[in-house]
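Tertiary structure, described
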Amino acid sequence: MRLTALLPALLLALFAVFAAPGGDLRAQDISVGTVEPDLQVGLSLAASDTPVDYEAWTGLAERAEAALANGRASDSAFETLRRELAGWRARFLAAQDTNQSRIRTIQSQLDALGEAPPEGETESEEVAGRRQELTDQLAELRAPIRAAEEAYNRADGIIGEIDTLIRARQTDALFALGPIPLLPENWATAVEELVEAWRATSSEILRSWNSDINQAQLRSNLPMALLLLVVGTVLVLRGRAWARTGGNWLRNNSLRGGAVFSFLVSVGQIALPLIGLYALTEAVSATGTTGTRVTLLLENLPAWGLVILGLRWLVDRLFSQHDGDRMLPMERSQRREAKAYAGTLAILLVLRDTLHEFGQIESFSEATLSVLEFPLLVLTALILFRLGQLMITHIRFDSSNTERLVRARVVSFLGRIVILVSIVGPVLAAAGYGTAAARLIFPTIATLGLLGLIVVLQRFTNDLYRYVMRQSEDEADSLITVLIGFLLALAALPFLALLWGARTADLTELWTRVGEGFAIGESRISPMDFLVLLLVFVAGYMATRLLQGALRNSILPKTKIDTGGQNAIVSGIGYVGIFIAALVAITSAGLDLSSLAIVAGALSVGIGFGLQNIVSNFVSGIILLIERPIAEGDWIEVGGIHGTVKRISVRSTKLETFDRFDVIIPNADFVSGRVANYTRGNSIGRIVVPVGVAYGSDTRKVQDMLLKIARLHDQVLMNPAPAVDFLGFGADSLDFQIRAVLRDIGEGMAVRTEMRHQIVELFVKERIEIPYAQRDVWLRNPEALRPPEPQAPRPEASDSAAAEPIASSQREPSPGDGSTAVTGDPEGDR
């Protein structure tokens, strides 16, 4: 894992190196890998606990101000001066916290003495003398703080002036008009200097080869040089193939985690050939016949190889036949084309850096560098143009997947930017703005590599998370992996800034500003305080969860406490643990919230009114956990809603109804409202089954039959015994009811259903009729409903009108009115 963590950092550093103007790899390595003596002085000053030497500081500040006034020092000299000033500034910032605890103590003593008397009034000599003594001590203690604040502001101002000056110089150099590479006179100069450099290098190699001392060294080191040469050649030629074969085998033969192991083994595509390059470099150096110029170039060979190998590995991962469709899906032909272009870009990057390294050794003029770099820049722009086209037209994503659709839009946008850069860059270089063109094209390549590395690492973290959590690919697409991807993108921002011309001092200055925090009254709050607060709170929260898990799974089940009581204890410990974790975190961070007490008190009144219902529900939840009128699993009725309690939280209770949907009920309703708990303490409950029989049935026989049915059911308790009541004479039936107490009231519906089935079966067997309501419908003048018969025309029309049909519903027929009765079930009549 350390190798996989180190490799991205090396790749990013190399991208930043090649994007920097001049491409001086050794200079970049020195600035990153070593610490300047002046910086060591500044760091030692910041870390020491000795009193600040303000005389030395004053001399340094005056020297820096004089250098700024002259403005003739080099950028490196100003950077060195700036680092020393930054060390002093850090020490002044630390000095501002001197005597803080003693100052708070004396200030509290002064507050205890009360306000000083107004002008014209006096107080006792003892109190006045003590007040003056404390005031003098307070002024003496605050004097170093005031001096540190003044020195800090002076150092900060000088550092700001240096940064402004260096940025102005960088801007001038970026847009400075240099030699035009298309002018023939510059070609002649370039050819002359190249020929001269070739002659000097050739003669140096010949002199080294003909030297007797070097010949003796060659003979003594020849066996080791041949061994290193063989090992290096084998690793360079076959290392990548071995690593690729091993990764594919692990992917295809691992039952679980094949993608993770394949990724780790694929790093060998970089490591093995890189070891081979180191071996080749040592083999050539061991001969002692290379000369100074070649030796200087050989020192950079492993770094150049790392760039080529790293970019090839990155492209292989992005367009892999296994992972390509998950990251940057393309057709097979376009995938091979993209790999070829990316490999060519890596070679062009190395050639450009080689050119600048050789030009620095041979002291090439700006015209020569401009002429030699122009073809490389144009060729790089052409490849970038084609890559931009591939990014726009040939990378395909599934439109139904939102994440991949967003990625497709980002890739398409980047493709258009790449095409624009590939057009503008050569135009600027042809016009003589070679520095601006290089700062535009090569950081673009590095940015694409950085974004590709983020995509590859995000895919690896997804596979690693899926392997650790034993999840499928779809299940692993969780919030954790999204957060990891966000952190990777956030970590890449400093490298992205370095690629596009930001100085290391700019990043350290930003970090310093963030680390300084902000002042509230006499206290200074820094992000580190919040980080400590967060870490302590998370640790307390995790400890609380572990304690809850131990109680829930190991300790409480072995006690005689019921399930509701166990849940109440676990929930209560959770609330108390979170509260204690918050208090300990605030205390550990050293946050002084006393200055915010008045503001917090004023806000609490308004928040109290606004959150009145929430607070009421919170308190009600605590009451429910303590009194436990309901518990998880209880069958309750609240507000006319029946259901089973699923979860009691601090604000609300989740109820699952018998229709299998959830109802969220505020806890205040349980405390202030009426709640029926049918299963609290036990699950015993009574059911009532009403039964009606027809008039004329033997009531005592019916009662015995119903009682027998109730007693024979296995859910019915015999103590108290079931009973059958003869309720009375109904409108249509003789009414009875069965009263029975069940072992589990939750089975009440099933018991009622079974009893009704048995009642019907027994009544049919004993010929006892179950009545149903009857209605008699009488139609008056039914002849009016018949169509009239055709009659012969009469001379006079009858003045009488046909009677209207009148319908009525009654129990008994009306005698003597000539009506017709239709009797039956009203449902059937419909």
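The coordinates are above.
Here is what the cut-offs are and how they apply
Residues numbered from 1 in each chain as written. Predicted model: local features only at pLDDT ≥ 70, side-chain atom pairs only at ≥ 80, totals over all residues. Heavy atoms only, no water. Pairing = 2+ DSSP bridges. Helix = DSSP H or I, 4+ residues; strand = E, 2+ residues; numbered from the N terminus. Axes fitted to C-alpha atoms, helices over the stretch in contact; angles between N-to-C directions. Expected span 1.5 Å × (residues − 1). Buried < 20%, exposed > 50% of the residue type's maximum accessible area, 1.4 Å probe, protein only. Arc of directions from axis to C-beta. Contact = heavy atoms within 4.5 Å. Salt bridge = Lys/Arg side-chain N within 4 Å of Asp/Glu carboxyl O. Core = buried A, V, L, I, M, F, W, Y, C linked by side-chain atoms within 4.5 Å. Parallel < 35°, antiparallel > 145°, perpendicular 65-115°, else oblique. Left-handed = near helix turned anticlockwise from the far one by under 90°. Nonpolar A, V, L, I, M, F, W, Y, C, P; charged D, E, K, R; others polar. Phe/Tyr/Trp six-rings, centres within 6.5 Å; stacked < 30°, edge-to-face > 60°.

Details of the sheet that holds strand β3 (residues 635-638)
- The strand order across the open sheet formed by 5 strands is β6-β5-β4-β3-β7, and the pairing between neighbours is antiparallel. Sheet topology places β6 (662-666) and β7 (675-677) at the edges, where each strand pairs with a single neighbour. Looking at each pair of strands side by side, their axes are set apart by 40° on average, direction ignored.
- Relative to β7, β3 is paired through 3 bridges, and the arrangement is antiparallel. Looking across to β7, one finds that V638 is bridged to V675.

Here's the deal with helix α4 (residues 54-70)
- With 17 residues, α4 should reach 24 Å at 1.5 Å per residue; the first-to-last C-alpha distance of 24 Å fits that figure.
- Buried within α4 we find W57, L60, A61, A64 and L68. Here the buried residues of α4 occupy an arc of 100° about the axis, which is enough to place them on one side. Exposed side chains of α4 directed beyond 90 degrees from the buried face belong to E55 and A69.
- Against the buried residues of α4 lie α5 (75-95) and α7 (125-174).
- The first or second residue beyond α4 is G71, which carries a positive phi of 70°.

Describing the pattern of salt bridges
- One pass over the full model with this rule turns up 25 salt bridges.
- E509 serves as the salt-bridge partner of R89, at 2.7 Å between the closest nitrogen and oxygen. Here the residue R89 occupies a position in helix α5, and E509 occupies one in helix α20 (residues 504-516), the gap between them amounting to 420 residues. Each member of the pair R89 and E509 is classed as buried.
- Between R352 and E373 there is a salt bridge, and its shortest N-O distance comes to 2.7 Å. Of this pair, R352 sits in helix α15 (residues 332-362) while E373 sits in helix α16 (residues 366-393); the two residues are 21 residues apart in sequence, bridging distant segments of the chain.
- Judged by its relative accessible area of 11%, E373 falls in the buried class.
- What you see here is one network of salt bridges that share partners, running through E79, R82, R89, D156, D163, R167, R503, D506 and E509.

Re the nonpolar core
- If you look at the biggest cluster of nonpolar residues, it comprises 50 residues, and the most contacted ones within it are W313, F319, L345, I441 and I445.
- Of all the elements in the fold, those that place two or more residues in this core are α10 (258-266), α11 (268-287), α13 (301-318), α15, α16, α17 (402-430) and α18 (434-469).
- Ignoring sequence-local partners within four residues, the contact set of I445 consists of L345, L349, T380 and L384.
- One finds A710, L734, L742 and F763 within the second-largest nonpolar core, a separate group that totals 24 residues.

Looking at the pairing of strand β10 (residues 734-742)
- Where burial is concerned, most of β10 is hidden: 7 out of the 9 residues are buried.
- Examined bridge by bridge, strand β8 (residues 685-693) and β10 share 9 bridges and lie antiparallel to one another. Residue pairing in the sheet places V691 in a bridge with F736 of β10.
- Taken together, the 6 bridges between strand β9 (residues 723-729) and β10 define a ladder with antiparallel strand orientation. Bridge pairing in β10 places A723 opposite R739.
- Between β9 and β10, which pair antiparallel one after the other, the connecting turn spans 4 residues.

Some thoughts on the packing of helix α12 (residues 291-299) against α15
- Following both chains from N to C, one finds α12 and α15 inclined at 150°, their axes separated by 11 Å at the closest point. Our classification of the angle between α12 and α15 gives roughly antiparallel. Note that α12 runs across α15; the crossing there is right-handed. Contacts between α12 and α15 involve R293, L296 and L297 from the former and E357, F358, I361 and E362 from the latter.
- In the contact of α12 with α15, the residues fall into 4 nonpolar, no polar and 3 charged.

Overview of the packing of α16 against α18
- Look at α16 against α18: their axes get within 11 Å of each other, and the N-to-C directions meet at 45°. In terms of orientation, α16 lies oblique with respect to α18. Crossing handedness for the pair α16 and α18: left-handed. Of the residues in α18, those in contact with E373, L377, T380, A381, L384 and M391 of α16 are A437, A438, I441, F442, I445 and L448.

Some points on the sheet that holds β10
- Strand order in the open sheet formed by 3 strands is β8-β10-β9, and the pairing between neighbours is antiparallel. Two strands bound the open sheet, and with one partner strand each, they are β8 and β9. Sheet twist, expressed as the mean angle between neighbouring strand axes with direction ignored, is 20°.
- Lying over the sheet, helix α26 (residues 699-712) contacts β8, β9 and β10, oriented at roughly 20° with respect to β10.
- Against the sheet, helix α27 (residues 748-765) contacts β8 and β10, and its axis sits at roughly 25° relative to β8.

Observations regarding helix α6 (residues 100-113)
- Spanning 14 residues, α6 covers 20 Å between terminal C-alpha atoms, matching the ideal 20 Å at 1.5 Å per step.
- Within α6, burial applies to Q100, I103, I106 and L110. All buried residues of α6 project into a common sector of 125° when viewed along the axis, lining one side. The exposed residues of α6 that point more than 90 degrees off its buried face are S101 and A112.
- In this structure, the buried side of α6 is in contact with α7.

Quick notes on the packing of aromatic side chains
- Evaluated as defined, the whole model comprises 13 aromatic pairs.
- Consider the rings of Y54 and F92, whose centres lie 5.9 Å apart with planes at 5°: the pair is stacked. Residue Y54 is located in helix α4, and its partner F92 is located in helix α5; the two are separated by 38 residues in the primary sequence.
- A relative accessible area of 0% places F92 in the buried class.

Structural notes on the side chain of T461
- Looking at where T461 falls in the secondary structure, it is placed in helix α18.
- Relative accessible area serves as the criterion here: at 16%, T461 is assigned to the buried category.
- Ignoring anything within four residues of it in the chain, the contact list for T461 reads I484 and L488.

So, the environment of V127
- As for its position among the elements, V127 is in helix α7.
- Measuring from C-alpha to C-alpha, the distance between V127 and G114 comes to 9.9 Å, with 13 residues separating the pair along the chain.

Points about unusual backbone geometry
- The step from N719 to P720 runs through a cis peptide bond, and the omega angle for that step is 0°.
- Structurally, P720 can be placed in the loop between α26 and β9.
- Of note in the backbone geometry, S363 takes a positive phi value of approximately 60° without being a glycine.
- Even without glycine at this site, R660 takes up a positive phi of about 65°.

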